[in-house]
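# Fold and contact review
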Amino acid sequence: MSLWYNLVDFLLPFEWAHYVFMKNALLGVLLVTPMFGLLGTMVVNNKMAFFADALGHSALTGIAIGVILGITNPIWSMLAFSLMLAVVIIKVKNVNTSSTDTIIGVFASTAVALGVVILSFRGGFTKYSVYLIGDLLSISKIDLLILPIIFIIVIFIWSIAFNKLLLVSVNQLLARSRGINVDFYEYLFTITVAVIVTISIQWVGVLIISSMLVLPAAAARNISSNIRQYHVYSVAIALISGVAGLILSYFLGSASGATMVLIASMFFGITFFMKLKLYS
Amino acid sequence: MINDSKSINNPKMKNSLKMKNSIKVKNINCKKCSCGLCCTKIKDFGVTIGKTEILKDINLHIHCGDLTAIIGANGAGKSTLLKALLGGIPHSGNITFVDGNKKLARKLKMGYVPQKLDFDYSSPVSVLDIFSATLNTRPVWFSISKDARKKALESLSLVDGEYLIDKRLGVLSGGELQRVLLALALQPIPDILLLDEPVSGIDQNGLKLFYKTVSNLRKNYDLSIILVSHDLHLVSQYADRIAFINNKTIECCGTAEEVFSNEKVIDVFGVDWNKVMVNENEKDDE
């Protein structure tokens, strides 16, 4: 860690970069946002924006379950609950042919309501409101040790499974005719998304977590014409909005997650007009 | 990469590509196939979803080089049959494949041309991306090998679609998309090709071009083809055999003349296609 601190002191001799919590947050942003950029490409391709939103919201119930069980760090109960929800949603989706949106909506609202009821029991909701908007500056040293491991795992999964995921998303039967185990890859992807969303909630917040996943990719697709460009732009936009949002939130004293999302949506606006110009 | 595409335009290279293709043809023992030695047997095939029986007692015998068309009313179970053949839904009965040497098959290699794509058409996925994802393990987002590009161009040349390679899937016309998906299904050359004809979105010329390509491929590669179709006119022109699905099973199977004169077929489609064809032929003669 001291290596990182020295590096920041050397490269960024600014006042904001002087504080340890900012150095930690910066490292966190540099590790988390590229993952959002990568996974977001496929989330948007598969029209799973609403699903990501549902996952984020269901974290409230995860926290509530953690409180009931008396777990000090609710991350584990959040993870368990969101994984369960992800698997259940896919199962129901595959059995039932009716609209996926409706199914996700039913599960998400139930989960949110359940979480709010449990957490607000006897009027104690305010102490959990930190999860609603998140606090990037609260990122701890242990988090910073776990994050690189997750980062490497995600890159690894993305490297070996992406081609297959792409075929599955283009047409499931086509993928099957190529001998691809469609169910396995569907679960693999959904679970990866669920894990990333859940562990990032404490820093980004329940309310806007899905925007972090959707916005960079949505902005990137406006201006890209193949997968490679899509990934490069998406990751770049995620990184730039992450770092810029962090610095800006320092000076504004605003919530960092929301500031990042605002910058990402500015990118979306810019690329949207670029697209209009490109195709007109 | 620019060099690659240039060299494809070069006629000499084109010839050498064709040479390569013809070598492949020899490799799959074509001569043996065309005398009907290799065939695909679908036996006692049935599909039941939940408590609803959708298909039962389907028996089909498909020889190499045959184009078998499956027709039937909407909801008769044509697409379900394809899905089940591909293993997308559970089924009873079995499919066996016997190759030219009477060896009971290695695993059946299936090619599939879907009716439509599942995902968002505005996605930035290029034709080359799809080919590379199918042929290579190297992640498409990292880089695309020259080899994949060459193979993709080779396949696309079979359907006259080389010019589509760098286009986004979303901007292709219905006919172009169909040809790209066909080219994809032909890499590598499958034992049996399953085609699900799109219900809408392709103009008549596009459809004709598509069928022409399929027809040529069938001759050159001795492919067994199963085609689910809605266009009786084209079916009668190109299919060797027609299987009519009605009441959960194949009620009638044979040449176009035989099937179209079947009372049940006339009943379902409301026309006697033999008469229509005769009329049209007369028109052509005039």
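Computed from a predicted model, the values in this text were never measured in an experiment. (Residues numbered from 1 in each chain as written. Chains lettered and ligands numbered in written order. Predicted model: local features only at pLDDT ≥ 70, side-chain atom pairs only at ≥ 80, totals over all residues.)

## Regarding the overall build of chain B
Counting secondary structure elements, chain B contains 12 helices and 9 strands. Relative to its full complement of 286 residues, chain B shows a buried share of 38%. Intrachain contacts of chain B at a sequence separation of at least 6 include 67% that bridge at least 24 residues. (Helix = DSSP H or I, 4+ residues; strand = E, 2+ residues; numbered from the N terminus. Buried ≥ 20, exposed ≤ 12 C-beta atoms within 10 Å, placed from the backbone. Contact = placed C-beta atoms within 7 Å.)

## Focus: the interface of chain A and chain B
In this complex, chain A contributes 27 residues to the contact, which on the side of chain B involves 28 residues. For the side of chain A that touches chain B, the secondary-structure elements that each account for two or more residues are helix 7 (141–170), helix 8 (172–177) and helix 11 (227–252) of chain A. Looking at the side of chain A that touches chain B, the element that brings in the most residues is helix 7 of chain A, giving 8 residues. Here the residues of the side of chain A that touches chain B are counted per class, giving 9 nonpolar, 13 polar and 5 charged. (Nonpolar A, V, L, I, M, F, W, Y, C, P; charged D, E, K, R; others polar.)

## A closer look at the sheet that holds strand 1 (residues 39–49) of chain B
Residue and element names in this part refer to chain B. With antiparallel pairing, 3 strands are arranged side by side in an open sheet as 2-1-4. Of all the strands in the sheet, the pair left with one neighbour each is strand 2 (52–63) and strand 4 (92–98). Neighbour to neighbour, the strand axes of the sheet diverge by 10 degrees on average, direction disregarded. Taken together, the 8 bridges between strand 1 and strand 2 define a ladder with antiparallel strand orientation. Residue Thr-40 lies in a different strand from strand 2, and its bridge partner there is Ile-62. Its contacts with the sheet place helix 4 (residues 78–85) against strand 1, strand 2 and strand 4, and it is angled at close to 70 degrees to strand 2. (Pairing = 2+ DSSP bridges. Axes fitted to C-alpha atoms, helices over the stretch in contact; angles between N-to-C directions.)

## Considerations on helix 6 (residues 146–158) of chain B
For helix 6 of chain B, spanning 13 residues, the distance from its first C-alpha to its last is 19 Å, which sits close to the expected 18 Å at 1.5 Å a residue. Among the residues of helix 6 of chain B, those classed as buried are Ala148(B), Arg149(B), Ala152(B), Leu153(B), Glu154(B), Ser155(B), Leu156(B) and Leu158(B). (Expected span 1.5 Å × (residues − 1).)

## Quick notes on the packing of helix 3 (residues 49–69) of chain A against helix 9 (residues 182–204) of chain A
Residues and elements named next belong to chain A. Two numbers describe how helix 3 lies on helix 9: the axes approach to 9 Å, and their chain directions differ by 45 degrees. When the interaxial angle is binned, helix 3 and helix 9 end up oblique. The two elements helix 3 and helix 9 meet at a crossing, and its hand is right-handed. Across from Ala-52, Leu-55, Gly-56 and Ala-59 in helix 3, the residues of helix 9 making contact are Val-193, Ala-194, Val-197, Thr-198 and Ile-201. Here the residues of the contact of helix 3 with helix 9 sort into 7 nonpolar, 2 polar and no charged. (Parallel < 35°, antiparallel > 145°, perpendicular 65-115°, else oblique. Left-handed = near helix turned anticlockwise from the far one by under 90°.)

## Here we look at the confidence of the model for chain B
All names here are of chain B. On average, chain B scores 75 in pLDDT, and the residues at 70 or more come to 77%. Looking over chain B, one finds the lowest element-wise mean pLDDT in helix 3 (residues 30–34), namely 39, and the highest in helix 5 (residues 127–135), namely 89. Confidence drops under pLDDT 50 across residues 1–36; counting only partners more than four residues distant or on other chains, this segment forms 31 contacts. Interface confidence in the predicted complex, given as ipTM, is 0.82; pTM for the same model is 0.82. (pLDDT = per-residue confidence, 0-100.)

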